[in-house]
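Residues per chain, in single letters:
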Amino acid sequence: MSERPLTQNLRPDGQPLTLREYEQVGGYQAVRKALKDLGPASVLGVVKDSNLRGRGGAGFPTGLKWSFVPMGSNAAHPKYLVVNADEMEPGTFKDRVLLEGDPHSLIEGVIVSAFAIEADIAYIFLRGEYFEAEKALARAIAEAREAGYLGRDILGSGYSLELHLHTSAGRYICGEETALINALEGKRANPRNKPPFPQVSGLFGKPTIVNNVETLCNVPHIVNHGAAWFKSLSKTPNGGAKLFGVSGKAKRPGVWELPLGVTMREILEEHAGGMRDGVALRGIIPGGASTDFLLPEHLDLQMDFDTLPIAGSRLGTGTMILLDDKTCPVGMVHNLITFFAHESCGWCTPCRDGLPWIEKTLAAIERGEGIPEDMAMLDKHVPLLGPGLTFCALAPGAMAPLGSALRYFRDDFEQHIREKRCPWR
Amino acid sequence: MATIYIDNQPHEVKDGQNLLQACLTLGFNVPFFCWHPALNSVGACRLCAVKQFRDENDARGRIVMSCMTPATDGTRISIDDEEVKTFRAQVLEWLMTNHPHDCPVCDEGGECHLQDMTVMTGHNYRSYRFTKRTYTNQDLGPFVNHEMNRCIQCYRCARFYADYAGGHDLAPMASHNHTYFGRHADGPLESEFSGNLVEVCPTGVFTDKTLKAHNTRRWDQQTAPSVCVHCGVGCNTIPGERYGTLRRIRNRYNGEVNGYFLCDRGRYGYEFVNGDRRIRAAYRRQHDAKIEMPREEALAWIGDRLNRDKTIIGIGSPRASLESNFALRTLTGPEHFYQGVPEHEARLVAKMIENLQQGPARSPSLQDMADADAVLVLGEDLTNAAPMMALSLRQAVRQAPMKAADKLSIPRWNDDAVRTLLQDAKGPLYIAATRDTRLDEVATETHVAAPDDIARLGFAVAHAIDPASPAPSKLAPEAEELASRIAMALQTAKQPLVVSGPSCKSEAVIAAAANVAWALCRSCQPAALAYVMPECNTMGLALLGGQGLEKAIDAIANGAADTVIVLENDLYRRIDRAQADALFAKAKTVIALDHIETETTAKATAVLPAATFAESDGIYVNGEGRAQRFVQVYAPKSDIADAWRWLRRVRDAAGRAGGNDWVSLDDLVETISKSVNVFHDVPSLVPSAATRFVGQKIARQPHRYSGRTAMYANIDVSESQVPEDPDSPMSFSMEGYRGRRIPTALRSWYWSPGWNSPQVLSKFQEEVGGALRGGDPGLRLIEADPNSSVAYQDGAPAAFTPRSQEMLLVAMHHIYGSEEMSALSPSIAGRAPAPYIAMSPRDAARLGVTQNDRVEIAIGSFTSILPVDILSRLPVGVAGLPEGLRGAPRASLPAWATVRKEAQP
């Protein structure tokens, strides 16, 4: 049993495994086991027991999420399972590795997970720019259908599932599960209000589960090897291994599958090879652009869902972005806020009109046109674009790097304003 | 009831509401943008934030959106909490970062919800120091002006236009702070309800384009409560006047009738009042010359003529008030009073009224129609014939699916969640009509057929519900199956509704509709029966009674009478040209009272300048049977007067007034109530003209009305005398009462401190979106008897058989162009189609014609040449002739006509 179940099949050349190759390394055994031996309730049970938490960034317990889906003969049908493969968080490139290199592992995860909630139809909502993944998935889906893993009466179990691949027209907000559902329905990608949750009224108003790619790829392994095994992969009570990534001025930026609870230092120094020569680490955004900065002093923190919040940040997608001492922190935050302001769906006021104002203010500071009042303006906006005040988590996510940068790199902002220039230029 | 605590004070609120509804109903000022009482909650704008506390020990609380939070028992919130006040002010500041400072030149100024909310939240200093976002505007046609730079992205426009009214050509586009609300390209908004954007938009993005042509601020407009004159639905309106011109029509809320909305014909049809076809002075015709006469001279002249003439007959009008028709009837005597409509149409209307009076099915209000959960439409194209009924049915089709939301405990006010759950699910709506209609897109099934076949389907449905109801003979199996599906849907509904009307000109269709409704009442549950009435006072006139127009012509032709008084009626729109010509040829004297020049006034011996709805008082009775009072908006400067007032003067001048006769309007209404039993209670509609409120009349002009002493100073430096209003307890002045005691039927001024926009209405309602405090105005004259044992009606016709040499002409009504007055408004005229004759592709092929080819139509001696419009959904053997379009031939329908390709010249 591998300690790196998600990436065990990946090949150095990045070429995806064919169905035959995937089956040869034990693929689709979980489908057989689930459909023939276990039944939906047992699959749900083992996933619940495994402590698997969503790998898309929020870390919500997967089994618990599934358990909200109405089951039995009175449940509304068709039910849907939707794969959130709209990986667009800046600094995040982990799902891509799985999608391109081992598409069948996702398909197997989809089948088993859909079976657990008695879904009739599944969609893979794929980031539009993931061309290679699209090719790999399209071929793998065709192979799986041909082999009887998809379609009517899968493997004679009586269970049927259709799987469709949908490539996104491209908005970051489509990564928000309800906006994704709206987009999938052909509507504007605005998030929906919750409650009702998609588990009850989701895609086309029917019970729907939206799960991240990496989350689903874990499911066959949990079904095959059990909850205890999965939990043992982790160094902390959070179950499993996870894909971690590093971008920025490290010697070897990349993505690796490591136990949950691995320290940031181990990821940075052992796997990414440490910082490039001549640059020093100043800060880390640990889990994609919508998590708070941490400092080098936090490097020994364990990367898991429960530890990082203690230090004021989040695990997020587990892909770290490094800030070094040769890069302007204001410029970096401006870059991120520009992205978030542009990707606001335009639905709620704080996000739609607040983010562009912040963006313009940061741009002015970078240009050397900042004024002392800008600091108060930025300080004021961080809590006002916080959770609960906006419609969805986009703007609060955007405030994470800004708020923490104002906390940790305040001198840099003030220096810009005082000197009326960017000291890095 | 639930108890909620607002800033530590307990309040009782209705169950099932959200906090915003509850707070507004209680009278608190919670600001909001995206929420609208008819559109419900989506939580987009974040302005209605309040702070919610877990319990009395929770001092911290958390900010929630009141529109998205249920007001459950024990909920504790604060509106005045400092943190939440700061947040609300910040929401305004964000919205204002891009909003232009163009209030002085913005038509919305003074009735702008954004202005009100800005003041209410306390945002007053702009710290944003960067450039504003700008947009390109679109030409959206003659009704609505577009100024996107003012947009605050509340999404109300798109939610009303697409979600509520079913429009397809206005939507949010682009994203982030560049979200754009408009059409895919410039062009007229296609929805018949586009004008509501003007009131739905909380700021000046969508404004009234016709008002723009003669703009006047809301506070400078003199208003009075009025009733729309452009169809028989009777929507309540607020016309606004300044300097003797009518400036615009705005919605007047009536919870039972039009709610918050109007159709575009009703909103934009008003410009005929200012048009160059207005008659402003009395005149007589001498050798084709018009000789104007001052009032007294005109009366003396007419009095003299009437004294010399033998017998006077009166021709009433469904577009004249009850009072005017009654005044004419009094002048001529009931035996010489004729309804100004052809015999056949009068009979159809009489039949509809009889069915409502004698049967067990109740006539529904528009609100009742919106609440129906299964609907059958027999023979009407509602979007064109009674547009607001169509809007109600678009809400009705959501009723049945809505139960799914109830089952999942999704509150009905949670609009986005409800729409997500319901998707495209529609409740049962079956439409049988002579053509495809706009409502078809939300219908369960549609059936396009000739009038006789529509009636047969109706008879079959009634028979399927109650076998005691007569069945049509030899119904085709498909029609039989359709009938049983319709019967099933209606039978299993809680509030079934049948809608029909006179558009097919078929008594059988009207009877079939009644049978269906009655069968439901007898075998299942109370069903509603709605009949479309073609004109604003069709019902009122018919309740007065009188014979048809042909009989009036006969009376002149056979010499029984030689003098005709025509009240607000163009006979050339009612009967064939030859018949109308015969009347004018034979009659010695024709006196016409009207407010616009028509073919009839052009032939009249003398013409008296009648007032339009805006310059007069009266009662119209709508299709529901609801009598509604409209009040004079402004006093015209010339001899223009209410037709009933002219008729009273004429009686005096002719020495025909009786001893105990009415003089004032109140007397007249009293007399009507005593003379015609059905009108017994109409004096209770409004208080008498002598009524005073805290010693005053009700002010027609707002308290901020400007220029009173100066507006006519270019004519006379002395302040002009305020005209007297002998007819109502309202003054033509800014002086007067405007407080809470104004009865709803006399209220056109909705204002409360800090609330200058239409959003103020919640201050005047029992609960937000509910009945007006004091009761929705209007008086239902007809109530069904649920236990009525009236017999089902016979008369199912034989199946329609197309003829080889002739086509059956049926009427096609157009929202823009078919109604006489609104068609005179340039904006409406700009949307009216050109005359045409419609036929099915098969008939076109048979005649060897293609789209726009010209054909000759002959009905007896009458012929006309029209271009062909090929409609895919029109029964074979049936041709459609548009009703009332300018330049279109008038024919009495239905009629068989020979139609052939125009011979090449």
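About the thresholds
Residues numbered from 1 in each chain as written. Chains lettered and ligands numbered in written order. Predicted model: local features only at pLDDT ≥ 70, side-chain atom pairs only at ≥ 80, totals over all residues. Helix = DSSP H or I, 4+ residues; strand = E, 2+ residues; numbered from the N terminus. Rg over C-alpha atoms; globule rule 2.2 N^0.38 Å. Buried ≥ 20, exposed ≤ 12 C-beta atoms within 10 Å, placed from the backbone. Contact = placed C-beta atoms within 7 Å. Expected span 1.5 Å × (residues − 1). Nonpolar A, V, L, I, M, F, W, Y, C, P; charged D, E, K, R; others polar. Pairing = 2+ DSSP bridges. Axes fitted to C-alpha atoms, helices over the stretch in contact; angles between N-to-C directions. Parallel < 35°, antiparallel > 145°, perpendicular 65-115°, else oblique. Core = buried A, V, L, I, M, F, W, Y, C linked by C-beta atoms within 7 Å. Left-handed = near helix turned anticlockwise from the far one by under 90°. pLDDT = per-residue confidence, 0-100.

Chemist: Provide a residue-level description of the overall build of chain B, including the pertinent values.
Modeler: On a plain count of helices and strands, chain B comes out with 26 helices and 36 strands. The C-alpha atoms of chain B give 28 Å as radius of gyration, which agrees with the globular expectation for 905 residues (29 Å, within 12%). Along the first, second and third principal axes, the C-alpha atoms of chain B reach 90 × 80 × 60 Å. Sorting the 905 residues of chain B into buried and exposed places 57% on the buried side. Restricting the contact set of chain B to residue pairs at least 6 apart, pairs at least 24 apart contribute 74%.

Chemist: Go over the overall build of chain A, please, and point to the residues and values.
Modeler: When its secondary structure is counted, chain A shows 16 helices and eight strands. By the compact-globule yardstick of 22 Å for 425 residues, chain A fits well, its C-alpha radius of gyration being 22 Å. The C-alpha extent of chain A, read off along each of the three principal axes, is 75 × 45 × 35 Å. Counting the 425 residues in chain A, one finds 59% classified as buried. Excluding contacts between residues fewer than 6 apart, the proportion of contacts in chain A whose partners are at least 24 apart in sequence is 72%.

Chemist: Could you give an account of helix α16 (residues 451-465) of chain B, naming the residues involved and the relevant values?
Modeler: The first and last C-alpha atoms of α16 of chain B sit 21 Å apart over 15 residues, in line with the 21 Å expected at 1.5 Å per residue. In terms of residue burial, α16 of chain B counts as a mostly covered element, since 15 of its 15 residues are buried.

Chemist: Mind laying out the interface of chain A and chain B, listing which residues take part and the relevant values?
Modeler: Of the residues lining the interface, 29 residues belong to chain A; the matching set on chain B comes to 32 residues. Of all the secondary structure elements, the ones that give two or more residues to the side of chain A that touches chain B are α12 (329-343), α13 (349-367) and α14 (373-384) of chain A. Looking at the side of chain A that touches chain B element by element, the count peaks at eight residues for α13 of chain A. Of the residues in the side of chain A that touches chain B, the class split is 14 nonpolar, nine polar and six charged.

Chemist: Outline the environment of valine 418 of chain B, listing residues and values.
Modeler: Residues and elements named next belong to chain B. Among the secondary structure elements, valine 418 is positioned in helix α15 (residues 415-422). Taking the number of C-beta atoms within 10 Å as the measure of exposure, valine 418 has 24 and is therefore buried. C-alpha separation for the pair valine 418 and alanine 404, spaced 14 residues apart in sequence, amounts to 8.8 Å. Other than its neighbours up to four places away in sequence, valine 418 contacts Ala405, Ile410 and Arg412.

Chemist: Lay out the pairing of strand β2 (residues 9-13) of chain B with the relevant residues and their values.
Modeler: All names here are of chain B. Bridge count for strand β1 (residues 2-6) against β2 is five bridges, and the pairing is antiparallel. Of the residues in β2, the one forming a bridge with alanine 2 is valine 13. In this structure, the hairpin formed by β1 and β2 is closed by a connection of two residues, where aspartate 7 is found at a positive phi of approximately 45 degrees.

Chemist: Requested: an account of the environment of serine 324 of chain B, with residues and values cited.
Modeler: Examined against the element boundaries, serine 324 of chain B turns out to sit in helix α9 (residues 322-332). Along the backbone, serine 324 of chain B and aspartate 617 of chain B are 293 residues apart, and their C-alpha atoms lie at a distance of 9.7 Å.

Chemist: How would you summarise the environment of glutamate 162 of chain A if you had to cite specific residues and measurements?
Modeler: Residue and element names in this part refer to chain A. Structurally, glutamate 162 can be placed in strand β3 (residues 162-167). A count of 15 C-beta atoms within 10 Å places glutamate 162 in the partly exposed class. Among residues more than four places away in sequence, those in contact with glutamate 162 are Ile121 and Leu150.

Chemist: Could you give an account of the packing of α9 of chain B against helix α24 (residues 665-675) of chain B, naming the residues involved and the relevant values?
Modeler: Residues and elements named next belong to chain B. At their nearest, the axes of α9 and α24 sit 10 Å apart, and the two run at 75 degrees to each other. One finds that α9 runs roughly perpendicular with respect to α24. Each of Leu322, Glu323, Phe326 and Ala327 in α9 lies in contact with α24, whose residues at this interface are Leu665, Leu668, Val669 and Ile672.

Chemist: Can you break down the nonpolar core residue by residue, with the values?
Modeler: Among the nonpolar cores identified, the biggest contains 413 residues, and Val82 and Ala122 of chain A together with Met389 of chain B are the most heavily contacted of them. Looking at this core element by element, the count peaks at 13 residues for helix α18 (residues 507-523) of chain B. Setting aside chain neighbours within four positions, we find methionine 389 of chain B in contact with Val233, Leu366, Met369, Leu382, Val499, Ala530 and Val532 of chain B. In this structure, Ala405, Ala417, Val418 and Leu421 of chain B belong to the second largest nonpolar core, which totals five residues.

Chemist: Which residues make up the sheet that holds strand β5 (residues 76-78) of chain B, and what are the values?
Modeler: Residue and element names in this part refer to chain B. As summarised here, the arrangement of the five strands in space is β2-β1-β5-β3-β4, forming an open sheet in which the pairing is mixed. The two strands at the open ends of the sheet, each matched to only one other strand, are β2 and β4 (62-65). Strand-to-strand twist in this sheet, taken as the mean axis angle between neighbours without regard to direction, amounts to 40 degrees. One ladder, built from two bridges, connects β1 with β5; its direction is parallel.

Chemist: If you had to explain the packing of α16 of chain B against α18 of chain B to someone new, which residues and values would you point to?
Modeler: Two numbers describe a pair of packed helices, the interaxial angle and the distance between the axes. Residues and elements named next belong to chain B. Taken N-terminus to C-terminus, the directions of α16 and α18 make an angle of 15 degrees; their axes are 8 Å apart at the nearest point. As the angle between them shows, α16 and α18 are arranged roughly parallel. Judged by the sense of rotation from one axis to the other, the crossing of α16 with α18 is left-handed. Where α16 approaches α18, its residues Pro451, Asp452, Ile454, Ala455, Gly458, Phe459, Val461, Ala462 and Ile465 are matched on the opposing element by Ala508, Val509, Ala512, Ala513, Asn515, Val516, Ala519, Leu520 and Ser523. Each residue belonging to the contact of α16 with α18 can be placed in one class, and the counts come to 14 nonpolar, three polar and one charged.

Chemist: Tell me about the sheet that holds strand β26 (residues 618-621) of chain B, and please be specific about residues and values.
Modeler: Residues and elements named next belong to chain B. Pairing within the open sheet is antiparallel, and its three strands lie in the order β26-β27-β30. Each end of this open sheet is capped by a strand with a single partner; those strands are β26 and β30 (779-780). Alignment of β26 against strand β27 (residues 626-630), held across four bridges, turns out to be antiparallel. In the sheet register, valine 621 faces β27, and the bridge partner there is alanine 627.

Chemist: Lay out helix α10 (residues 343-358) of chain B with the relevant residues and their values.
Modeler: Residues and elements named next belong to chain B. When the terminal C-alpha atoms of α10 are compared, their 22 Å separation across 16 residues agrees well with the 22 Å that a helix rising 1.5 Å per residue should span. For α10, the complete set of buried residues consists of Glu345, Ala346, Leu348, Val349, Met352, Ile353, Asn355 and Leu356. Where the residues of α10 are buried, they touch α18, β22 (528-531) and α19 (538-544).

Chemist: Can you lay out unusual backbone geometry for me, pointing to particular residues and giving the numbers?
Modeler: A negative phi holds for most residues other than glycine; trans holds for most peptide bonds. Here the amide bond leading from proline 195 of chain A into proline 196 of chain A is cis, since omega sits at 0 degrees, within 30 degrees of zero. Its place among the elements puts proline 196 of chain A in the loop between α8 (177-184) and β4 (208-212). The omega torsion across leucine 893 of chain B and proline 894 of chain B is -5 degrees, close enough to zero to call that bond cis. With respect to the helices, strands and loops of the structure, proline 894 of chain B is situated in the loop between β35 (878-882) and β36 (895-901). You will see that asparagine 40 of chain B, though not glycine, has its phi angle at about 70 degrees, which is positive. Tracing the sequence through the fold places asparagine 40 of chain B in the loop between α1 (19-25) and β3 (49-53). Even without glycine at this site, histidine 287 of chain B takes up a positive phi of about 45 degrees. Mapped onto the elements, histidine 287 of chain B comes out in the loop between β14 (282-286) and β15 (289-293).

Chemist: How would you summarise the confidence of the model for chain B if you had to cite specific residues and measurements?
Modeler: Looking at chain B as a whole, its pLDDT mean stands at 95, while 99% of the residues score no less than 70. The ipTM for the predicted assembly is 0.95, set against a pTM of 0.96.

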